[in-house]
Amino acid sequence: MSLESRFWAKVTKTDGCWLWTAATNGNGYGVIGRGGRGAGNVLVHRLSWELVNGPIPEGLQIDHRHTCPKNCVRPDHLRL
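Residues numbered from 1 in each chain as written. Predicted model: local features only at pLDDT ≥ 70, side-chain atom pairs only at ≥ 80, totals over all residues. Heavy atoms only, no water.

## Considerations on the overall build of the protein
- Secondary structure summary: the protein contains 2 helices and 6 strands in total.
- Listed by position from the N terminus, the elements making up the protein come as α-β-β-β-β-α-β-β.
- Taking 80 residues into account, the globule formula puts the C-alpha radius of gyration at 12 Å, and the protein, at 12 Å, falls close to it.
- On the principal axes, the C-alpha backbone points of the protein span a range of 35 × 30 × 25 Å. (Helix = DSSP H or I, 4+ residues; strand = E, 2+ residues; numbered from the N terminus. Rg over C-alpha atoms; globule rule 2.2 N^0.38 Å.)

Take a look at the structure:
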């Protein structure tokens, strides 16, 4: 199963935020394995941004808009 398929399988879409329902890191941000042993994890809000908007420019971060929880992955609730 692709990373994208595994990602969307763990997202619950509401009228507001789209909530990550699987693993989180120590800071409350969602994480998912890249696939394969030793490939590491990716923060799911970053993955969501990249799936919709393409790569994040070097040196920039992704921020949650509004008053979203850290497990929100709705692309239009995120910004560079």
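## Let's talk about the nonpolar core
- Ranked by size, the top nonpolar core spans 9 residues in total: Phe7, Val11, Trp18, Trp20, Ile32, Val42, Val44, Leu47 and Val73.
- When contributions to this core are tallied by element, the ones reaching two or more residues are strand E2 (18–20) and helix H2 (44–53).
- Val73 has contacts with Phe7, Val11, Trp18, Trp20, Val44, His45, Ser48 and Leu78, leaving out every residue within four places of it along the chain. (Core = buried A, V, L, I, M, F, W, Y, C linked by side-chain atoms within 4.5 Å. Buried < 20%, exposed > 50% of the residue type's maximum accessible area, 1.4 Å probe, protein only. Contact = heavy atoms within 4.5 Å.)

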